[in-house]
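# What the coordinates show
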Amino acid sequence: PLKCVASAARGVSKSGITSWLQRVLSMTPVKGTVAHMNTTRLSATAGVVRTSRSSHHRTVCRGSAEYDGSKGAEELPGGASIGDYSAIIPTEETAAGGNVGGNSDGGKPVMADMSKVTQALYLPDMASKLVPVCGKPRVYEIQAKGKTQRLYFDAGDAINQITAWLDDLEPDWRSAYGEVSLKPCFISGQIKSGKSMLLNTVIPAVMAAYNNNMFKDVTVMKLDLRDLLPREGFYRMCRQLLAMVVREARDLGIDTLALQDAGSDLQNSDYAVIIPDITHIFRTLKVPLLVLVDEVQQLLLPRNDDGTLDQVGMASARTLLKSLLCNRNTNCLWAVTGSGMAVFWAQLALAPEHGYSMLTHNYVVWLPATHDKGGMNAVLESLVAKQPERGPPEARTALLGWAANSALLCYAFEDIKPKSREGFYETLENFIPRKLATEA
């Protein structure tokens, strides 16, 4: 393969070839050694490589003839897309910054877009609207299609924080692959402080209204990792995660070569195939995607069969998370939260730092543990208006004084037994050990 590259890159400096090789080898998820590239087969259609990892064969589509990488240097085309990564073999023109194949973007790699979406639910179609409530600062009405309207109290100025995150990533959104890694958004706060609502409702609503519908073509994928089973160990969790991603992508109508390969590989017991499949799906995606991940701590706490923490699996989980959140694909945007954010931050501190440190390469939305009682009272009035039978009036007043924030207020209100004074006080007495302590 090195002779093939040298022949295809005549006229390019040795340092240019070396730089290109380092780029390809660092990005392409090749099993085993570089020697596997000897089995490269090049065939026909659109300039995209399809990898069959079980046989270690890589099919590169370029031109109309079929080439075998072992036949000789002269038969390798002058440009190719390798592993769906838009890596171009340098020629005199590209090394000097010229264009390739009619591309006018200053010599940026050309890559056929094989990703497609059919019957997808785009961001404007699924996002709620946040309408300010007159006379009540930072209180918004959540207007969602086909759902009962609710109130949102933005006690932590989260809407402006999310807008600042979008301002920060806007210049690099959907830019050339590999030039930058978009900062993921981490929503951090205590248990029952409104993190999941912010992730699943407020972020899509803010993005849908941002900058003249800049994100109108974005598809939203929601991954709730509470369905993962840590006691089955890290590698079994990876199979569960891959199955979840493939299922969600198919439900959204997303179709890529990487997803097709991953669907086939789910039947494979080789975890050296399963894990790269997960990152490969998101690295090669060419349709704009917002990934909302909840209960992220589930992935970071794999356990052995005896219930003890799987230390090796935890290290692998940190590396996998880093590969997903800092994948240099500017078509893919991540927002992450979970009940155990203390676990999440502790694991980030131990994650590998190559390229980007996740402790610094992020944008954090901080949610306060306590809210102003004025905004909380507006939320309580809204709850009572919809369910007037739930609890006596004096009990509601006590609930307002008991709850520290509006998220906890809503959660406890829904737990009150209708028209039962005893039920209300029983709820407060048992709420912490029965709900919060269990979740913690």
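Bear in mind the structure is a predicted one, so any value in this text is a computation, not a measurement.

## Comments concerning the pairing of strand E6 (residues 129-132)
Direction of pairing for E6 relative to strand E7 (residues 139-143): antiparallel, over a ladder of four bridges. For Pro132, the partnering residue across the bridge sits in E7 and is Tyr140. In this antiparallel pair of consecutive strands, E6 and E7, the connection spans six residues, and Gly135 shows a positive phi of 85°.

## Structural notes on the packing of helix H7 (residues 234-252) against helix H8 (residues 257-265)
Where H7 contacts H8, the axes come no closer than 10 Å and their chain directions differ by 135°. One way to sum up the angle between H7 and H8 is to call them oblique. For H7 against H8, the interelement crossing comes out left-handed. Touching Arg239, Leu242, Val246, Ala249 and Arg250 of H7 are Leu259, Ala262, Gly263 and Asp265, all from H8. Taken together, the residues of the contact of H7 with H8 break down into five nonpolar, one polar and three charged.

## A word on the sheet that holds strand E9 (residues 185-188)
With parallel pairing, the five strands of this open sheet are ordered in space as E10-E12-E13-E9-E14. The outermost strands of the open sheet, each flanked by one partner alone, are strand E10 (219-224) and strand E14 (363-366). Here the strands of the sheet are splayed against their neighbours by 20° on average, with no regard to which way each runs. As defined by bridge partners, E9 adjoins E14 across four bridges and the pair is classed as parallel.

About the thresholds
Residues numbered from 1 in each chain as written. Predicted model: local features only at pLDDT ≥ 70, side-chain atom pairs only at ≥ 80, totals over all residues. Heavy atoms only, no water. Pairing = 2+ DSSP bridges. Helix = DSSP H or I, 4+ residues; strand = E, 2+ residues; numbered from the N terminus. Axes fitted to C-alpha atoms, helices over the stretch in contact; angles between N-to-C directions. Parallel < 35°, antiparallel > 145°, perpendicular 65-115°, else oblique. Left-handed = near helix turned anticlockwise from the far one by under 90°. Contact = heavy atoms within 4.5 Å. Nonpolar A, V, L, I, M, F, W, Y, C, P; charged D, E, K, R; others polar.

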